[in-house]
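So the chains spell out like this:
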Amino acid sequence: MKSNKILFILNILWGCFACTDGLEVIPENSVTFENYFKTEKDIETSLNALRDEFRSTCAFNANKTPIDLGFVHDTLRSTSAQKSFNWDATQFTPIYVDFFWNSHYAIICYANILLENIDKAEITQNRKDYYIGLAHFYRGFTYFRIAQKWGEAPLQTDSRDISKKTKSSVADILQFALDETNLAIKLLPLHDGLIDANGSQVTDKATPSKEIAQALKADLCAWKAAINNEPELWQEAINAANFVIDSCHYTLASDPEEVCTKVLPGGSDEGIFEIKFNYVEATRNPWTPMEEFVTFPIRPEDGRGDIKYCYARMFETTVDKMYPGHFEGMIAEGVYQGDKRRLAYFYDLDTIRKNAEWHALAEGYAYPYKFRKAQLGTTSWSQGKFECFACDHIIYRLADLILLRAECYTRINKNDLAAKDLNRIRERAYGNRSHDYNAATEGNNLRYIIFKEREKELLWEGKRWYDIVRNGYWKTELSKFHATQMTQQDVDNGALYMPVGYPAFNENSLMTQNKYWQARY
């Protein structure tokens, strides 16, 4: 009963603080926490409320638009999708829920409440430090995501502060996120030392540890170094990545097929930070961008010809360019010598080409097959039909961090070390060292080559948009509009950030719209 009451109170405060950015006045005789946060169970109950909001927000739901805008595709079935990719202002109006930051600030509110009340708990300082570290991690991660998606935003660090607030600069938001992450690194135990309120060891990959906080720091420092032009942070990003990569807890899967069958479903040795699959959330909101492409053979109800009805599609010729190695032309001594991601990420690509009937039904498109573990319906109307992917949402995995470190090495002119990381991922992809980086044949733009390797390795994992923005490749890697009409001044004005959703303006006369989008409405 007591736990339920705390959760109820937290939900009240979520409504008061998060939905209006803390602008509605709460009467003095309103609910307080005077009699709560006394035991570790109380703390864990409040933490569970935070985690529930975090998983539904940061898994996919509230980040759908920037993630979708970055995926590789050739054709789009929807006219509205075509408009979105070409930055049509009608698709970026503040009424769209994708642009609401309410749920992000709900996470921050929960973290603030926990930090403000933790000292009431009658537990050891060591346990307090653990929960304080978790609160700082979630607050730092969420402000990082806010800065990536919206740029400027209000900085809310006290749940009791209900004053109107102007937006803080991107630099200030990112610095606060980094400070929070450093606190989390200081306070959180290593993965082996994670213990829950019952005294049991935590073995899942969803609970932040020192290693996970370091992975966040690597990502955050790389972004901050690029966006704010702070070159000293490249080495900090490398150091943080080193901490994780050198850890004994994480190892690369043996080959691309194992990435599909073991890593992406979740819980593998390659996974670093994952949000556990939840049936309700995954059916309500796409869990991975690949759901935009999914058809036969993953959807049992679809036939080979249904690929033409998919939201987004890739031509087999595009796959040929991304993953070289037509099957019949790449056999040596009975062993396939091409990029094995071609065989793992796409279904029977080369076999279909040899069957005239199948090839005609595919209409030149490739069938995605990277995410395969599907949740099928069980109700009378959905029996046996595809509902969603039954996979964990992987925020960081080892291959991602290795290639991020490679990019960071190029930024400080350590191309030999960058190439070593790149070659490590290529060796797994090809099964040999015959495709190591060669400047004579591939050119000297190693950073771009690493970007393209991330594009291939992390296809449909929600990374490409952020990679494009971080590297400044928006003119060459996005739409025709970006290539021909968007200017550097537009980008400086916030063109690559999302517009602020209208709820942020409720009762807050100090709130302002993103400069770029304000000019387009």
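You'll find the structure just up there.
On a predicted model such as this, the values are computed, not experimentally measured, just so you know.

S.K.: Account for the pattern of salt bridges, naming residues and giving values.
M.R.: Applying the stated rule across the entire model yields 41 salt bridges. Arg405 is the partner of Asp421 in a salt bridge, and the nearest nitrogen-oxygen pair spans 2.8 Å. With Asp421 in helix H17 (residues 415-430) and Arg405 in helix H16 (residues 398-411), this residue pair connects regions lying 16 residues apart in the sequence. For Asp421, a relative accessible area of 4% corresponds to the buried category. What makes Arg405 buried here is its relative accessible area of 9%. Each of Glu270, Asp339, Arg341, Lys370, Arg397, Arg426, Arg428, Glu442, Glu453, Lys456, Glu457 and Glu461 takes part in a single network of salt bridges with overlapping partners.

S.K.: Go over the packing of aromatic side chains, please, and point to the residues and values.
M.R.: Counted by the stated rule, this structure contains 37 aromatic pairs. With a centroid separation of 5.5 Å and an interplanar angle of 75°, the aromatic rings of Trp101 and Trp150 are classed as edge-to-face. Here Trp101, found in the loop between helix H4 (79-85) and helix H5 (102-117), pairs with Trp150, found in helix H6 (residues 125-150); they are 49 residues apart in sequence, far enough to count as distant. For the pair Trp101 and Trp150, one class covers both residues: buried. Ring geometry for Phe296 against Tyr347: centres 5.7 Å apart, planes inclined by 90°, an arrangement best described as edge-to-face. You can see Phe296 sitting in the loop between helix H11 (279-284) and strand S3 (312-313) and its partner Tyr347 sitting in the loop between helix H13 (341-345) and helix H14 (349-353), a full 51 residues away along the chain. Each member of the pair, Phe296 as well as Tyr347, carries the same accessibility label: buried. The structure contains a cluster of three or more aromatic residues connected by ring pairs, namely Phe71, Phe85, Phe293, Tyr311, Tyr323, Tyr345, Phe346 and Trp460. Its guanidinium or amino end placed over the ring of Tyr466, Arg145 lies 5.6 Å from that ring's centre, counting from NZ or CZ. Just above the ring of Trp358 sits the side chain of Arg304; from NZ or CZ to the centre is 3.8 Å.

S.K.: Outline unusual backbone geometry, supporting the account with residue identities and numerical values.
M.R.: Going from Phe296 to Pro297, the amide bond is cis rather than trans, its omega being 0°. Structurally, Pro297 can be placed in the loop between H11 and S3. The phi dihedral of Trp87 is positive, around 60°, even though this residue is not glycine. Note on placement: Trp87 falls in the loop between H4 and H5.

Thresholds, definitions, all that
- Residues numbered from 1 in each chain as written.
- Predicted model: local features only at pLDDT ≥ 70, side-chain atom pairs only at ≥ 80, totals over all residues.
- Heavy atoms only, no water.
- Salt bridge = Lys/Arg side-chain N within 4 Å of Asp/Glu carboxyl O.
- Helix = DSSP H or I, 4+ residues; strand = E, 2+ residues; numbered from the N terminus.
- Buried < 20%, exposed > 50% of the residue type's maximum accessible area, 1.4 Å probe, protein only.
- Phe/Tyr/Trp six-rings, centres within 6.5 Å; stacked < 30°, edge-to-face > 60°.
- Lys NZ or Arg CZ within 6 Å of the ring centre and 35° of its normal.

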